[in-house]
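So the chains spell out like this:
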Amino acid sequence: MRGLALERPIGTTTLAAVATAAATVTGVLIARSPALAGAAMVTLALGIAVMRFGAAGAAIPAFAALPWLVIVEGLLPKAIGTTTAAIAVGALLYMVWPLAFRSPLLPIASAVFIAVVLAHAVYIADGEQAIQAAKYIVFPAIVLAVSTERARDVLPALKVPMLASCLAAMIFHLGVVAAGAGAISTYYEAGERLGFAAEGPHALALMAMIVAAAGLTVRHTGMQLAFFSLGAVPVALTGVRSALLGLAVILVIYLVQATNRARALLVLGIVGAVAVAAGGLDVISARFSAHPDEFSSFATAGSGRGEIWEIAFDAWGAAGPAAWVFGTGLRSTIEFELAALGSAIVGHSDIVEVLVQLGVVGFAAWIGLWAGVLRSGARALILLPILAFAVVNGSLEYVAPLTAGVFLAGVCMEPRRGAPT
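Residues numbered from 1 in each chain as written. Predicted model: local features only at pLDDT ≥ 70, side-chain atom pairs only at ≥ 80, totals over all residues. Heavy atoms only, no water.

Peer 1: Before we go on, may I ask you to explain empty space enclosed by the protein in this structure?
Peer 2: Which parts of space are left empty comes out when a probe the size of a water molecule is rolled across the atoms. All told, the structure shown has 3 cavities of 30 Å³ or more when counted by the stated rule. The volume enclosed by the largest cavity comes to roughly 60 Å³. Lining the largest cavity are 13 residues, and of these Asp 350, Glu 353, Asn 393, Gly 394 and Glu 397 sit closest to its centre. Considering only residue class, the lining of the largest cavity consists of 4 nonpolar, 6 polar and 3 charged. Taken as a whole, the second largest cavity encloses approximately 50 Å³ of empty space. (1 Å grid on protein atoms, 1.4 Å probe; cavity = no way out; pocket = protein on both sides within 12 Å on 5 of 7 lines; lining within 4 Å. Points joined across faces, edges and corners; volume = space filled by probe spheres on them. Nonpolar A, V, L, I, M, F, W, Y, C, P; charged D, E, K, R; others polar.)

Peer 1: I tried to follow the pattern of salt bridges on my own but got confused; where do I start?
Peer 2: Oppositely charged side chains can form a pair if their charged atoms are brought close together. Here the structure, examined in full by the defined rule, presents 6 salt bridges. One salt bridge connects Arg 102 with Glu 149, and the closest N-O pair in it is separated by 3.1 Å. On the criterion of sequence distance, the pair formed by Arg 102 in the loop between helix H4 (80-95) and helix H5 (105-121) and Glu 149 in the loop between helix H6 (127-147) and helix H7 (151-154) is long-range, its members being 47 residues apart. On the basis of relative accessibility, which here comes to 29%, the residue Glu 149 falls in the partly exposed class. The residue Arg 331 makes a salt bridge to Glu 128 at a minimum N-O spacing of 3.7 Å. Of this pair, Arg 331 sits in the loop between helix H15 (321-326) and helix H16 (332-341) while Glu 128 sits in helix H6, placing them 203 residues apart in sequence. With relative accessibility at 8%, the residue Arg 331 sits in the buried group. Residue classification places Glu 128 among the partly exposed positions, given a relative accessible area of 42%. Where salt bridges share partners, they join Glu 128, Lys 135, Arg 331 and Glu 397 into one cluster. (Salt bridge = Lys/Arg side-chain N within 4 Å of Asp/Glu carboxyl O. Helix = DSSP H or I, 4+ residues; strand = E, 2+ residues; numbered from the N terminus. Buried < 20%, exposed > 50% of the residue type's maximum accessible area, 1.4 Å probe, protein only.)

Given below as structure tokens:
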């Protein structure tokens, strides 16, 4: 694999100078900000890894860190997930360079999507808009990286470290939950257990759902059971019903693709029993029973999503032809919801967010990105549940799990004959 080793070793004098400088900077930062000191140490470690192993030295640890950043989201600065995802994707693009595709669909869709985002980014007025622009650009970048012709030769070799990191992260998270640590019933007040992901349950639910899907690509039945359980149980404990839809999509695909249906049903039955024993069924029941009449009207459907979508589309429709074509701008859906409801609420669907904020042009490019990556050979078993989540809840806002999920769809694809594994 290109970029795994240096042609010339790093000199002892250079290493000593770097170590001395790093120790000095870290010491100063610890006195002022432990968070900055930690960031400096991570940056140093990545720098050394890149010098020793090339782009893989940044890509592998950065992607492996993403599930961990999700499960401890409440303990970290908000932008760290976006930054780590951007580093990971940038390194991966270098690893799979030159970018060559079977069809021009993906490069065209990516170029259009990024162009619309950058056109709106010219008018950025605050940090939140800048963060959303970064999130939106990371998505087409990771789609391009896993869809290139070279990806099938490079990515399968990264499957083991990525799956191992996901497995360890889920075990740690469930250990925190089992110990009664972290956030309990703080978001829905339905008994949900979020551990250290106290900022909100959606990113955690999406990440856990992705781990459950990725685990089913492993051939060994015992490992399938372990992965799916360690993903499905945290999903149930978050109380996020959108992720339950994603799990249903996974199960349908798994059963359709299974060569041994009896074994597949046994695996799913064991997982269901584990989820019930862990208390997941109680959380889910509480979530549904809390809104018994929510589907009595469009406005109340999906915990009020109907009203949110209606407000966003009404504002978009009133904005005029230019907005219909190119959108109303970054974070504009939040502004519409704030004006109408008094709360800063996101669109709760990538269809709504992209169509309203980036217009018909950006939305067509978004569809092209999904169509292209689904045709690229990346695992549909992982991608389709993410797409389902994107439609009913939104995934672009949750850049760390979304990036990890698309990457997993790439590393879990079948390698070409003769490619390193």
